[in-house]
Amino acid sequence: MLCGTRAYLMAQNKMWGGRFEGGPAAIMEVITPSIDFDKRMAAQDIAGSRAHARMLAMQQIIPQADAEAIIRGLDMIEKEIEQGKFTYSRQLEDIHLNIESRLKELIGEPAGRLHTARSRNDQVVTDFRLWLREACARAEAGLEELQRALFAQAEIHYATIMPGYTHMQPAQPVTFGHHCLAYVEMFYRDRGRFGDCGKRLNECPLGSAALAGTPYPIDRDVTAKALGFARPMRNSLDAVSARDFALEYLAACTIMATNISRLAGEIVQWSTPAFGFVRLSDAFTTGSSIMPQKRNPDAAELIRGKTGRVLGDFVALATVVKGLALAYGTDLQEDKERVFDAADTVEVSLAAMAGMLADLKVNDATMRAAAEAGYPTATDLADWIVSTLRKPFREAHHIAGAIVKRAEDLNLPLAGLPLAEMQAIEPGITDAVFDVLSLDASVKARMSFGGTAPDRVREQLFFWREKLK
Ligand code: ARG
């Protein structure tokens, strides 16, 4: 590979090679180029160049006719790229030089005026902010789709009983709708994080030039506005150096990925025959090449697994930026692959999770039977003893514990234990106790704000129906 590129390597770089006599070492063509990945910012780069050229003409820094030629050339390049006819060259390092070089081929001399009052340092980070602004919007939209899928399940299953767990031990019955809406809440906060990130990063670095600003009478408000930024960045050194916006995006991705991994993990668990709470559709399961009976929840496992990768992207970029002196350093070229990887990963995860949930079928009876199994209404029994027999909760807890033990010995559910058995332990108990021992009574009683009572879940559904319109 090195040998093949040698011929060109002997030549100087035509974009910046003015003071160079010798060509670069062969290995430089391997380590330097970013074109293989930063070509994803072509559209943003063209948009930035258009805005810059127009502003330069408006400020009479370059002739109007040259700006028009530049715009026309950029339009042509945009088409070439869209039609897959643009040839990218590693020799030209990155998307900025590739486009500028093609512009020269297309329009000749005026192309050389585009880079007035600009540097690749402010150019690259302008492109990157534009790209990330859209990525934040895409993540928000993906999260909203996922919320909708969860909402749809919650609407069907607002009263479907399932075991609620703490310590992964059956704790108290809850409804599946309540469980789904817990994730809707989580993903709403994730949406907020991407929304905040998109807003905070929406400031324009363009015109900061290499690091110090420029002596040309540019108008940064004009370029900022043309590109949809809220304002130009106040400090040129900050503008070209800062990557905290990318870290913020990766942090939002990481938190989102950890949230979604919990749901993915639950789906893996719920769909295993030992649980059998849900059935994934054929579309979202895969078979085994050796075990014909298998229905593997691959999508859920992959979503769970990809969390590590997204956190890795965050850690990688944080490590690049750490301790890096102002202003720009080529280290920062490492930012894009991490961000692109995280963006691709979270976007595919969100889409797969939404699809999987839309298709998912709940086995109400299995869930209910599992909820029945672990004496999950023992707390209700204790609460009844407190409110009816006026015992202190600690004592009631003790009595209820003894009754559970007795039921266990007789291999009966609490609601099936004869009254006499309970009275043998606590003579004050009457058959009114049976009103609270069923699963339905238990969830119905949890009417506190935010609780799992179906009426409360319905209130949450009303709230989310409005929000997710
Ligand atoms: N390709 C570089 C990046 O991705 C942009 C060029 C920065 N400027 C420079 N003089 N190397 O960050």
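Our structure's up above, just so we're on the same page.
Residues numbered from 1 in each chain as written. Predicted model: local features only at pLDDT ≥ 70, side-chain atom pairs only at ≥ 80, totals over all residues. Heavy atoms only, no water.

Peer 1: Looking at this model, I keep getting lost on the packing of helix α4 (residues 42-58) against helix α6 (residues 95-107). Mind explaining?
Peer 2: In helix packing, the relevant descriptors are the interaxial angle and the interaxial distance, both defined with respect to the helix axes. The contact between α4 and α6 brings their axes to 10 Å, and the two run at 60°. Considered as vectors, α4 and α6 are oriented oblique to each other. α6 is crossed by α4, and the crossing has right-handed handedness. Every residue of α6 that contacts α4 at Ala 42, Asp 45 and Ile 46 is listed here: Ile 95, His 96 and Ile 99. Across the contact of α4 with α6, the residue classes tally to four nonpolar, one polar and one charged. (Axes fitted to C-alpha atoms, helices over the stretch in contact; angles between N-to-C directions. Helix = DSSP H or I, 4+ residues; strand = E, 2+ residues; numbered from the N terminus. Parallel < 35°, antiparallel > 145°, perpendicular 65-115°, else oblique. Left-handed = near helix turned anticlockwise from the far one by under 90°. Contact = heavy atoms within 4.5 Å. Nonpolar A, V, L, I, M, F, W, Y, C, P; charged D, E, K, R; others polar.)

Peer 1: It is not clear to me how the pattern of salt bridges should be interpreted in this structure. Could you clarify?
Peer 2: As a working rule, side chains carrying opposite charge can pair if their charged atoms are close by. This structure, assessed with the given rule, holds 32 salt bridges. Two residues, Asp 66 and Arg 113, come together in a salt bridge whose shortest N-O distance is 2.6 Å. Taken together, the positions of Asp 66 in helix α5 (residues 64-82) and Arg 113 in the loop between α6 and α7 (120-156) put the pair 47 residues apart, joining distant regions of the chain. Judged by its relative accessible area of 31%, Arg 113 is partly exposed. With its nearest N and O atoms 3.7 Å apart, the salt bridge here joins Glu 426 to Lys 391. Here Lys 391 lies in the loop between α15 (378-389) and α16 (393-409) and Glu 426 lies in the loop between α17 (419-425) and α18 (434-437), a separation of 35 residues in the sequence. One salt-bridge network, in which partners are shared between bridges, spans Glu 144, Glu 145, Arg 148 and Arg 191. (Salt bridge = Lys/Arg side-chain N within 4 Å of Asp/Glu carboxyl O. Buried < 20%, exposed > 50% of the residue type's maximum accessible area, 1.4 Å probe, protein only.)

Peer 1: Looking at this structure, how should I read a nonpolar patch on the surface?
Peer 2: A grouping of Ile 27, Met 28, Val 30 and Ile 31 is seen on the molecular surface, where their side chains present a nonpolar patch of about 370 Å² in accessible area. For Ile 27, the position within the fold is in helix α2 (residues 26-31). (Patch = residues over 30% accessible without salt bridge, like charges linked within 9 Å, V, L, I, M, F, W, Y side chains within 5 Å. Areas by Shrake-Rupley, 256 points an atom, 1.4 Å probe, with all protein chains shown as cover.)

Peer 1: Looking at this model, I keep getting lost on the layout of surface pockets. Mind explaining?
Peer 2: Which parts of space are left empty comes out when a probe the size of a water molecule is rolled across the atoms. If you add up the space inside the largest pocket, you get close to 300 Å³. Surrounding the largest pocket, 15 residues form its lining, Ser 271, Thr 272, Pro 273, Arg 295 and Asn 296 being those nearest its centre. Those elements that provide at least two residues to the lining of the largest pocket are α11 (244-271) and β5 (278-279). Residues of the lining of the largest pocket, tallied by class, amount to five nonpolar, seven polar and three charged. Roughly 260 Å³ of volume is contained in the second largest pocket. As for the second largest pocket, its lining consists of Lys 14, Met 15, Trp 16, Leu 97, Glu 100, Ser 101, Lys 104, Ala 111, Gly 112, His 115 and Arg 120. (1 Å grid on protein atoms, 1.4 Å probe; cavity = no way out; pocket = protein on both sides within 12 Å on 5 of 7 lines; lining within 4 Å. Points joined across faces, edges and corners; volume = space filled by probe spheres on them.)

Peer 1: Looking at this structure, how should I read unusual backbone geometry?
Peer 2: Residues apart from glycine generally show negative phi values, whereas peptide bonds are mostly found in trans. A cis amide bond links Leu 326 with the next residue in sequence, Ala 327, at an omega value of 5°. Summarising the element assignment, Ala 327 is placed in the loop between α12 (298-321) and α13 (335-359). Backbone geometry at Met 168 places phi at a positive 60°, although glycine is not the residue there. Relative to the elements of secondary structure, Met 168 occurs in the loop between β1 (161-166) and β2 (169-175). Phi is positive for Arg 390, close to 60°, though the residue is something other than glycine. Along the chain, the position of Arg 390 falls in the loop between α15 and α16.

Peer 1: Got a minute to help me understand the side chain of Glu 100 in this structure?
Peer 2: Looking at the secondary structure, you find Glu 100 in helix α6. The side chain of Glu 100 sits in the buried core without any salt bridge; Arg 118 is the nearest counter-charge, 4.4 Å away. Among all residues touching Glu 100, those that are not within four sequence positions of it are Met 15, Ala 111, His 115 and Arg 118. (Lys, Arg positive; Asp, Glu negative; His and termini not counted.)

Peer 1: Which parts of the structure should I look at to understand the pairing of β1?
Peer 2: Successive side chains on a regular strand alternate, one facing one side of the sheet and the next facing the other. Where β1 meets β2, six bridges bridge the pair, whose relative direction is antiparallel. In the sheet register, Pro 163 faces β2, and the bridge partner there is Pro 173. Taken together, β1 and the strand that follows it, β2, pair antiparallel across an intervening segment of two residues, in which His 167 is found at a positive phi of about 55°. (Pairing = 2+ DSSP bridges.)

Peer 1: Quick question: what am I supposed to make of the site of the ligand here?
Peer 2: Around the ligand sit Ser 34, Asp 94, Arg 120, Asn 121, Val 124, Tyr 328, Gln 333 and Lys 336, and those are all the residues in its vicinity. For the ligand, a nitrogen atom lies 2.8 Å from a polar atom in the side chain of Asn 121. When grouped by side-chain class, the residues that make up the shell around the ligand number two nonpolar, three polar and three charged. (Near = heavy atom within 4 Å. Polar contact = N/O pair within 3.5 Å; in protein donor to acceptor, adjacent residues only side chain to side chain.)

Peer 1: Please clarify how α16 should be interpreted in this entry.
Peer 2: The periodicity of an α-helix, 3.6 residues per turn, causes residues three or four positions apart to be oriented the same way. Relative to the 24 Å expected for 17 residues at 1.5 Å per residue, α16 spans 24 Å between its end C-alpha atoms, a close match to the ideal helical length. Where α16 is concerned, the buried positions are Ala 396, Ile 399, Ala 400, Ile 403, Val 404 and Ala 407. Buried residues of α16 fall within an arc of 145° about the axis and therefore sit on the same side. In α16, the exposed positions that point more than 90 degrees away from the buried face belong to Arg 394 and His 398. The secondary structure elements touched by the buried residues of α16 are α15 and α17. Where α16 terminates, the next one or two residues include Asn 411, which has phi positive at roughly 55°. (Expected span 1.5 Å × (residues − 1). Arc of directions from axis to C-beta.)

Peer 1: How do you make sense of the nonpolar core when you look at a structure like this?
Peer 2: Nonpolar side chains in soluble globular proteins generally cluster together in the buried interior. The biggest cluster of nonpolar side chains holds 69 residues, and the ones touching the most others in it are Leu 132, Tyr 249 and Met 353. Contributing elements (two or more residues each) for this core: α7, α8 (176-200), α11, α12, α13 and α20 (454-467). Tallying contributions element by element places α11 first for this core, with 15 residues. Apart from the residues lying within four places of it in its own chain, the contact partners of Tyr 249 are Leu 132, Ala 135, Cys 136, Phe 194, Cys 197, Val 339, Ala 343 and Val 346. One finds Ile 61, Ile 62, Ile 95 and Ile 107 within the second-largest nonpolar core, a separate group that totals 24 residues. (Core = buried A, V, L, I, M, F, W, Y, C linked by side-chain atoms within 4.5 Å.)

Such coordinate-based values are descriptive only and should not be taken to indicate function.
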